[in-house]
Amino acid sequence: MFEPGAPTVNVIIQNPSTPGLKVELVGLVDTGSDLSAIPTRIIRALALKSRRRIQITGVDGLTVSMRRFLVNLTFAETSFEWRPVIEWPGEFVVSGRDLLRECIFAYDGKNRSFEIRDP
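Computed from a prediction, not measured in an experiment: that's the story for all the values here.

Draft legend 1. Structural view of the overall build of the protein chain. Secondary structure summary: the protein chain contains two helices and nine strands in total. For the protein chain, the sequential pattern of α-helices and β-strands runs β-β-β-α-β-β-β-β-α-β-β. For the protein chain, the spread of C-alpha atoms along the three principal axes comes to 40 × 35 × 25 Å. Within the protein chain, residue pairs in contact and separated by at least 24 positions form 50% of the contacts whose partners lie at least 6 positions apart. Working note: accessible area of the protein chain is about 7,200 Å², and carbon and sulfur atoms make up 50% of it. Both charge centroids of the protein chain, one from 15 positive and one from 14 negative side chains, sit 8 Å from each other.

Here it is, written out as structure tokens:
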């Protein structure tokens, strides 16, 4: 999916208000991202409602307003409930440091392998 290879993990995203609604897709493990993001198409599929907008500043210094949503996420045998994520137009989940800080994450670039687990 990514060239050169990047750490990815399957992520289950669930609407916390409607536990029966869930989707599984590929998530990019992004240690450079402060926040996690989910695709717009998933927001629609899970009937998520935004109650707030937040200001996000990118590495280029540009600040934009993004919609924030609350979701349940599961990856690497770890569950995160009622977590804020932002919307983005991509095709995969971005798993940022807001989630990674609660896991043990080790990346071996030379061997193109990684480990992510709940401590």
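Draft legend 2. Region of interest: the confidence of the model for the protein chain. The share of residues in the protein chain with pLDDT of 70 or more is 99%, and the mean pLDDT across the chain is 90. Averaged pLDDT values for the elements of the protein chain fall to 82 in strand β9 (residues 113–117) and rise to 96 in strand β3 (residues 37–39).

Draft legend 3. Fine view of the nonpolar core. In this structure, V11, I13, I38, L48, V71, L73 and F75 are the most contacted members of the largest nonpolar core, which totals 21 residues. Here the element with the most residues in this core is strand β5 (residues 63–75); it accounts for four residues. In contact with I13, not counting residues within four places along its chain, are L21, K22, V23, L25, I38, I42, L46, V71, N72, L73 and V93. Core analysis: the second largest hydrophobic core is formed by eight residues, L28, I56, M66 and F92 among them.

Draft legend 4. Focus on the packing of aromatic side chains. Considering all chains together, one arrives at three aromatic pairs under this definition. Relative to F92, the ring of W88 lies with its centre 5.1 Å away and its plane at 70°, an arrangement referred to as edge-to-face. For F92, a relative accessible area of 15% gives the class buried.

Draft legend 5. Region of the structure containing the side chain of S36. With respect to the element layout, S36 can be found in the loop between β2 (22–29) and β3. At 2.9 Å, the side chain of S36 and the backbone nitrogen of G96 are in polar contact. Not counting residues up to four positions away in its chain, the partners in contact with S36 are V85, I86, V94, S95, G96, D98 and L99.

Rules and cut-offs
- Residues numbered from 1 in each chain as written.
- Predicted model: local features only at pLDDT ≥ 70, side-chain atom pairs only at ≥ 80, totals over all residues.
- Heavy atoms only, no water.
- Helix = DSSP H or I, 4+ residues; strand = E, 2+ residues; numbered from the N terminus.
- Contact = heavy atoms within 4.5 Å.
- Areas by Shrake-Rupley, 256 points an atom, 1.4 Å probe, with all protein chains shown as cover.
- Lys, Arg positive; Asp, Glu negative; His and termini not counted.
- Charge placed at Lys NZ, Arg CZ, Asp CG, Glu CD.
- pLDDT = per-residue confidence, 0-100.
- Core = buried A, V, L, I, M, F, W, Y, C linked by side-chain atoms within 4.5 Å.
- Buried < 20%, exposed > 50% of the residue type's maximum accessible area, 1.4 Å probe, protein only.
- Phe/Tyr/Trp six-rings, centres within 6.5 Å; stacked < 30°, edge-to-face > 60°.
- Polar contact = N/O pair within 3.5 Å; in protein donor to acceptor, adjacent residues only side chain to side chain.

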